[in-house]
Amino acid sequence: MAKWTAQHEAPEPLEGPIVGTVAGGTIIWFALFLLQLPFYGWFADRGMLWWVWTCAVGGVLGLIGLWYVRGRDAALKRHAAELAARNEDTPAGPSPQAG
């Protein structure tokens, strides 16, 4: 069998408010964890404590993700600033040719 290859170029990835999205998700996970704490005994009696701890782990992983996306966002902004500075240094006219 031959390996399948794409016939067209992949689209550019969508960029959006990634830091805000991850922060919102992290807040939701921690809120769900806090809302379930008063019912800890109810979850324990039914063998469903994993619900509580899943929310806690989701919040912790969200904090790690928040650290990661903030660093990525800062790196993208630095790169864009470097490109802008490099473009400002380049003359706008045609380049001189030796002849």
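Refer to the structure presented above.
Residues numbered from 1 in each chain as written. Predicted model: local features only at pLDDT ≥ 70, side-chain atom pairs only at ≥ 80, totals over all residues. Heavy atoms only, no water.

All right, on to helix H1 (residues 18–36) then. Note that an α-helix has 3.6 residues per turn; residues three or four places apart therefore point the same way. Over its 19 residues, H1 extends 27 Å from the first C-alpha to the last, a length consistent with the 27 Å expected when each residue adds 1.5 Å. If you check which residues of H1 are buried, you get Thr26, Phe33 and Gln36. For H1, the angular spread of the buried residues around the axis is 100°, confining them to a single face. Across from the buried face of H1, at angles greater than 90 degrees, the exposed residues are Thr21, Ile27, Ile28, Leu34 and Leu35. (Helix = DSSP H or I, 4+ residues; strand = E, 2+ residues; numbered from the N terminus. Expected span 1.5 Å × (residues − 1). Buried < 20%, exposed > 50% of the residue type's maximum accessible area, 1.4 Å probe, protein only. Arc of directions from axis to C-beta.)

This part takes up a nonpolar patch on the surface. A contiguous nonpolar patch, built from Val57, Val60, Leu61, Ile64, Trp67 and Tyr68 and spanning about 700 Å² of accessible area, is present on the exposed surface. Inspection of the secondary structure puts Val60 in helix H3 (residues 49–89). (Patch = residues over 30% accessible without salt bridge, like charges linked within 9 Å, V, L, I, M, F, W, Y side chains within 5 Å. Areas by Shrake-Rupley, 256 points an atom, 1.4 Å probe, with all protein chains shown as cover. Salt bridge = Lys/Arg side-chain N within 4 Å of Asp/Glu carboxyl O.)

Between side chains of opposite charge, a pair can form as their charged atoms come close. Applying the stated criterion across every chain, the model contains two salt bridges. With its nearest N and O atoms 3.1 Å apart, the salt bridge here joins Arg72 to Glu15. With Arg72 in helix H3 and Glu15 in the segment before H1, this residue pair connects regions lying 57 residues apart in the sequence. One salt bridge in this structure joins Asp73 and Lys77, with 3.5 Å as the shortest N-O distance. Of this pair, Asp73 and Lys77 both sit in helix H3, four residues apart, roughly one helical turn. Judged by relative accessible area, Asp73 falls into the partly exposed class, the value being 28%. The exposure class assigned to Lys77 is exposed, which follows from its relative accessible area of 56%.

This part covers the side chain of Gln36. Relative to the helices and strands, Gln36 is located in helix H1. According to the relative accessible area criterion, Gln36 is buried, its value standing at 13%. Other than its neighbours up to four places away in sequence, Gln36 contacts Phe43, Trp51, Val52 and Cys55. (Contact = heavy atoms within 4.5 Å.)

Let us now look at H3. Compared with an ideal rise of 1.5 Å per residue, which puts 41 residues at 60 Å, H3 spans 60 Å between its outermost C-alpha atoms and is within 8% of the ideal. Along H3, the residues that are buried comprise Val52, Cys55, Ala56, Gly58, Gly59, Gly62 and Val69. Against the buried residues of H3 lie H1 and helix H2 (40–45).

It is worth spelling out the nonpolar core at this point. One finds Phe33, Phe43, Val52, Cys55 and Ala56 forming the largest nonpolar core, which totals five residues. By residue number, the principal contributor to this core is H3, which donates three residues. Among residues more than four places away in sequence, those in contact with Cys55 are Trp29, Leu32, Phe33 and Gln36. (Core = buried A, V, L, I, M, F, W, Y, C linked by side-chain atoms within 4.5 Å.)

Geometric descriptors of this kind do not, in isolation, establish any biological role.
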